[in-house]
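Breakdown of the fold
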Amino acid sequence: MSRVVLMQGNQACAEAALAAGVRFFAGYPITPSTEVAEIFAARLPRLGGKFIQMEDEIAGMGAVCGASLAGVKALTATSGPGFSLKQELIGYAAMAEIPVVVVNVQRLGPSTGKPTAPAQGDVMQARWGTHGDRAAIALSPTSVRETYDVTVHAINFSEKFRLPVIILLDEIIGHMREKIALPDPSTLRIIERKKPAVPSGEYLAYKPDDDGVAPLAAFGDGYHYHVTGLVHDETGFPAGSASITADLITRLHTKVYNAKSEITLFDEYFMEDAETAVVAYGGTFRSAMAAVKEARAKGNKVGLIKLITIWPFADEVVARAAAKVGTMIVPELNYGQLVGEVHRAANGRAHIVSLPKVDGGVFTPQEILSVLDKEVG
Amino acid sequence: MIQIRLSGSGGQGLILAGIILAEAAVIDGKEVVQTQAYGPEARGGSSKAECIISDEAIDYPKVTVADVVLCLNQESYNKYGKDIHADGIVIVDTTLVREFENKENVLALPVTKTAVEGLGKAIFANIIALGAVVGKTGVVTKTAIEQAVLARVPRGTEELNRKALALGWEMAQKAC
C-alpha cells in the first residue's frame, strides 16, 4: 500500500535508502544534509543496522567503504565542505570497486560559503573531484518523490556496477516538504551485488564477468582477497604492467558507458513542437517548469528537458534536442557548469545560452521567463 | 492556489508552524509544498516558512506573491508586511511589531502577549499565530489544523497547544 504523507527531500532519501536495504551509515552532520544522518541515527539501530557519527567526513567515507566490503549496503551524506574532504576516498572506492552511495546536499560555496543557501556548484566536482580517470555516476532529483526513486536507483547502480554513486541533492529539494505518495517498499526493484559462485580458492575479486563487473565477496564470507588503491590485477594485488593498467582504467569507464542507456534518467516536456528548449536539473527544474508553462500560455513553442542523471552526461538526449530547436537555455545555480556539457553535446547544432545564478537564492520563474521571452522574441 | 508566508526570527517556531500548516493541508486532501529560509544561527536572525496550498500539482515551490503574511517581529514586517497580493491579509503580532500601517487588510493581534499571559510561555506564540491564520483565512479546515497540531507537539503538551490554537482562532474571529 502506498502512503500519502508530507515529507522532506532529505527524509525521502533516508527512507528510500532504508527500504533499499542500506543498513550502515557513517558520517559527520552538516547543513543542509543533517536530517539524513538524524533519520539513520534514529532508525538504523532498530533495524539491526549501525549508525556511526565519525570524527570527520573523511572517516565517514572510509567507514562506509569498510562496511560495504563487509557486505552491508552503506551510505554517507554531506554537503560541499564534506564532499571536498571525501574526494580522495571516493577515488579509492572507484579504484577498489566498492559499492557505496554519497549524498551531497549542495549549498553555496566555495569553502563554508553560505550554509543554508541552495546551490548547484558541485556538479563538476561530482565528476572530477577525485583525481585520476574513471566513469562517474551522479543523479540529481527534482522533487521529494523523485528523491525517493533516485535514491533507490543510486543504491542499485552502486551495487550493480561496483562503484561510488553520488546523489546531488540541493538545499531546495533537500529541505522542501511536499505531499507525496510513498511507494510500498515491497514493490521496489532492488538490485543486490553479485556474489561469487566459485569456491574460495578460485575466487578473483577483480576478474570481471562479461558486463565488466566482478562478483564481490563480503569480508567474513570466507573468501580471501586484497583491496588496494594501487593498480592491481584480478587478484587485487598490486601489478603494474601496461596492459593490466590500461585494461583496468578502461574497464572503470566501459562498465558504466556500456550501460549508459540504462543509467541515463531524464524526461522531456512540451518538446514535440518546441523551437526553444530549457535544460534544467535539481531544484532549478521546478522554476524552469513554471517558466515554460507560462511561456506556453503565451503561445511560445518552448520545451523542457529534465536531466536526472547528471553523469554520465545525457549526450544523446541533448544532441537530439539540439538538432530540432534553435536555442537551448541552461539555468543553473552556479556560474555555468553543466552548460559546458550541453555545448559539447549540441556541437554547434543549437544556440546555447548559459543562465547562471550565484546570489544564494532560487531562480524565480520570472528570471527564466524573461530570458525565454528575449530568446523567443 | 494560496501562498502563505510565516515570518519572524529564529527560535519562534515558524518553521514548525509551516510544517503543521502543510500537514493540515495534506489532511484536507490538498497539494502542498512547504519551504523555509533561515540563517546559520540557532536563535535570532531572520526566519521564514512558506506554504503553497493548491488543488493542483505545484511547480515552483517558493511564494511569488503572498496571499497571507504573518509577521512575528518588526524586521519581518518591514521586509514582508507590504509585499503582498492586493487582496491579501497581513497578521502582525503587536507585542513585537510596534510600527505598522493599520490598514483594512491588516489584522493586529497581541500574539506573544497572549502566549505569556494565557499560557505562561512565549513559546506558544507560533501555535496561537497558526490558530489566528486559519481562523482568519480558512486556508485549511479547523479539524485538520487541530489534528496536525496534536500530531506534532511533544507528548504532554497537547492540552496547552489545543488551548493555544483556540486562543488564536478566537482572537482572529473576534477581530473579523
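To keep things clear, this report deals only with the structure shown in the data block. On a predicted model such as this, the values are computed, not experimentally measured, just so you know. (Residues numbered from 1 in each chain as written. Chains lettered and ligands numbered in written order. Predicted model: local features only at pLDDT ≥ 70, side-chain atom pairs only at ≥ 80, totals over all residues.)

Regarding the interface of chain B and chain A
Our working definition: Think of it this way: build a C-beta for each residue from its backbone, and any pair within 7 Å is a contact. By definition, any uninterrupted DSSP run of H or I lasting at least four residues is a helix, any uninterrupted run of E lasting at least two residues is a strand, and each is numbered from the N terminus. In the scheme used here, Gly and all other residues not listed as nonpolar or charged are polar, with Ala, Val, Leu, Ile, Met, Phe, Trp, Tyr, Cys and Pro taken as nonpolar and Asp, Glu, Lys and Arg as charged. Strands are labelled as partners when DSSP assigns at least two bridges between them.
Contacts between the two partners involve 18 residues from chain B and, on the opposite side, 18 residues from chain A. Within the residue set of the side of chain B that touches chain A, elements represented by two or more residues are helix 1 (14-27) and strand 2 (31-38) of chain B. Sort the elements by how many residues they give to the side of chain B that touches chain A and strand 2 of chain B lands first, with 7 residues. For the side of chain B that touches chain A, the residue count by class is 9 nonpolar, 5 polar and 4 charged. Here strand 9 (residues 177-182) of chain A pairs with strand 2 of chain B via 2 bridges, running antiparallel. Paired with R177(A) across the two strands is Q34(B), which belongs to strand 2 of chain B.

Topic: the sheet that holds strand 15 (residues 351-356) of chain A
In any sheet, the strands associate via hydrogen bonds between backbone groups, in a parallel or an antiparallel arrangement. Residues and elements named next belong to chain A. Convention followed: Fitting a line to C-alpha atoms yields each axis, with helices limited to the stretch in contact; the angle taken between N-to-C directions then spans 0 to 180 degrees.
An order of 10-12-11-14-15 is seen for the 5 strands of this open sheet, with the pairing classed as mixed. Each edge of the open sheet is held by one strand with a lone partner, namely strand 10 (266-269) and strand 15. Taken over all neighbouring pairs, the strand axes of this sheet differ in orientation by 20 degrees on average, direction set aside. Note: strand 11 (residues 276-280) against strand 12 (residues 302-307), 5 bridges, orientation parallel. Residue pairing in the sheet places V278 in a bridge with L304 of strand 12. Where helix 10 (residues 284-297) meets the sheet, its contacts fall on strand 10, strand 11, strand 12 and strand 14 (327-332), and the angle it forms with strand 12 comes to roughly 165 degrees. Sheet strands touched by helix 13 (residues 365-376): strand 11, strand 12, strand 14 and strand 15. Its angle to strand 14, the strand with the most contacts, is close to 165 degrees.

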